[in-house]
Structure formats: structure tokens, C-alpha cells
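A structural walkthrough
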Amino acid sequence: VDNVKNECGESTVDVSEWLDKFDETTCSLDVSNLSLSDAQGEAIINELPLSVVRLEIGGNGFGPKTCRALVALLQAQLSSLQYLSLDDNPLTSFGTSTECFFELAKSLEVNTTLQTLSLYGCNIGREAGVALSKAVANNKTLTCIRIGYNNFAECDTLPMENVLNSNRKLFHEQQKKEEEAKKLEHKTAMLQMKAQQDIEKENDTLRWLADEQHKRAENRRLELQRRLEEEQKQEEYRQRMEQIKLMEEERIAGSKKKKKGKGKKGKKNNKKK
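Remember, predicted model here, so these are calculated numbers, not experimental data.

Tallied over the full model, the rule gives 15 salt bridges. Ionic pairing is found between arginine 168 and glutamate 161, a salt bridge with its closest N-O pair at 3.0 Å. A residue is classified by how much of its surface remains accessible, and arginine 168, at 26% relative accessible area, is partly exposed. Of the residues examined, glutamate 161 reaches a relative accessible area of 36% and is grouped as partly exposed. It is possible to trace a salt-bridge network through shared partners that takes in Glu223, Arg226 and Arg227.

Dropping the structure here:
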């Protein structure tokens, strides 16, 4: 969004034109250095979806109204916000309205997502620093807070640094556990995949063996059938040859009988003469 100012140096950006564009796919928003008003900041925060992870709204005129809207966002159970930059904003109206910032600080006690909070150059006074330090003491996720160019006492900043160091250690330990869990999950998935591949390979082998066994059985059946057909042909040939032989023997026997009959008839005729 381009920053356009009027003669009084006020931003002429009409935020209402793009507030309706926010949806659950919005994960990051940067409206830094646009000289937006506190009311505009409140409107932006109230329309933000809980899916926003990174929010950069530094360099504007955001004050108590914006702080109060941020309280609701930070306390939302489904909030995804991890990075919040409020640099160079008069969050307490230069110390004249600190109550809303106290509420913002206290919301950090229940927030479980925010990791980085930047309050650089917000001109926050000592009392606000005390409230922030007390809130951070009960926070388990913040690992970085930028507090330069504010009026914080060292006795308040040191406890915050100790808490942040502890949270960073817990964060790195959690990251390590998550990485180990991911590695274990990946290893388990690979083992399961290999086991499934081995099962499929074994099943393929069993199917191949079954197919080969079926082929061998079919070949044996066909070979046996061929032999039976061959033996049957040979038997039919033998029987046919025997029939031919019998027929030939009968023919020969018949021929001999006829010759013998003719011989006897010739002798009779000779006797008559």
C-alpha cells in the first residue's frame, strides 16, 4: 500500500478498501510506515484472520485502540501469530494512556504462539516496562523482545532476558525433539514401506511359483494326453493290422478251400469216363 498524505501530514490510505480481502489464507501482513491512525490500526487488527503468523505494523500512529484490539488477538485460542512488530508507534500516547498497554502486556501471560515481539522506539515508560517484565516472566514461548529506545529500567530488562534465554533453550530442545520425532516418523515410514515392498515381493514370488507350478502341471497333463493319444493311435494301428492279417488269412484259407474243392471234382469226372 503506497503511503499518501494530505496537507496535514495524515495518511489518506483508505484501509476499508482492502480489509475485506483478508481471509483464512492470509498468513502475513506488513503495513509499516504508512502513517495510519490509531482507529485504522484498530480496524485492521479487528479484521485480521487467526491464520496470520507474521504482523508488521511499525511506523504508524497506533496507540491505545490498537493495543486493545491486539489484546483480543493475542488471547484468542486459535491465534497463529508468531511475529509482531510494533516499532515506532505511540502505544501509550507518549505515557498519557498506559492502561491499554498494561492489558497488552498481560495478554502475553496466556499467549502460547508469539515468539518475537518488537517494541523498538515506542517511548514506553518505566511503569509499562514493569508490567511487561511481569508478564514475560509467565510466558513460555517468547524468545526475542526488542525494547530499544524505551524508558525501561535495567532491573526490569534483566529478568526478561533471563526468561527469554530459558525460553530459547526450551524452544531449541522442543525443536530437537520435533526433529527427532520427524526422523523417527520418517524412519518408521521407510521401514513400513520396505516391509510392504517385501510383502509385495514375496507375494509376487508366491504368485510366480504358483504360475510355474500350474504351467508344469499343465505341461504334464498335455504330455500325458499326447502319450495316451499316441498309444491309442498305435493300438488302433495294431488292431487294424490284425484285422488285415485275419482278412488275408481268411482270404488265403478261402482260396485253398476252393482249389481243394476243384481238385475233388476233377477226380470224380475222371472216374465217370
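Back to the write-up after that little detour.
Here we take up unusual backbone geometry. We note that serine 35 has phi near 55°; this positive angle belongs to a residue other than glycine. Its location among the elements puts serine 35 in the loop between β1 (28-30) and α2 (38-47).

This part covers helix α3 (residues 64-75). Along an α-helix, a turn takes 3.6 residues, which lines up residues three or four apart on a common side. Look at α3: 17 Å from first C-alpha to last across 12 residues, which is about the 16 Å you get at 1.5 Å a residue. In this fold, the buried residues of α3 make contact with α2, β2 (54-56), β3 (83-85) and α4 (99-107).

With that settled, consider the sheet that holds β3. If you trace the 5 strands from one edge of the open sheet to the other, you get β1-β2-β3-β4-β5, paired in parallel fashion. Pairing within the sheet leaves two strands with one partner each, and these edge strands are β1 and β5 (144-146). Between one strand axis and the next, the sheet turns through 5° on average, direction left out of account. Bridge count for strand β4 (residues 116-118) against β5 is 3 bridges, and the pairing is parallel. The partner of threonine 116 across the bridge, within β5, is cysteine 144.

Put simply, α4 and helix α5 (residues 126-136) touch, their axes get as near as 8 Å, and they point 15° apart. With respect to α5, the axis of α4 lies roughly parallel. α5 is crossed by α4, and the crossing has right-handed handedness. Every residue of α5 that contacts α4 at Phe101, Phe102, Ala105 and Lys106 is listed here: Glu127, Ala128, Ala131, Leu132 and Ala135. Residue composition of the contact of α4 with α5, by class: 7 nonpolar, no polar and 2 charged.

Rules of the game
Residues numbered from 1 in each chain as written. Predicted model: local features only at pLDDT ≥ 70, side-chain atom pairs only at ≥ 80, totals over all residues. Heavy atoms only, no water. Salt bridge = Lys/Arg side-chain N within 4 Å of Asp/Glu carboxyl O. Buried < 20%, exposed > 50% of the residue type's maximum accessible area, 1.4 Å probe, protein only. Helix = DSSP H or I, 4+ residues; strand = E, 2+ residues; numbered from the N terminus. Expected span 1.5 Å × (residues − 1). Contact = heavy atoms within 4.5 Å. Pairing = 2+ DSSP bridges. Axes fitted to C-alpha atoms, helices over the stretch in contact; angles between N-to-C directions. Parallel < 35°, antiparallel > 145°, perpendicular 65-115°, else oblique. Left-handed = near helix turned anticlockwise from the far one by under 90°. Nonpolar A, V, L, I, M, F, W, Y, C, P; charged D, E, K, R; others polar.

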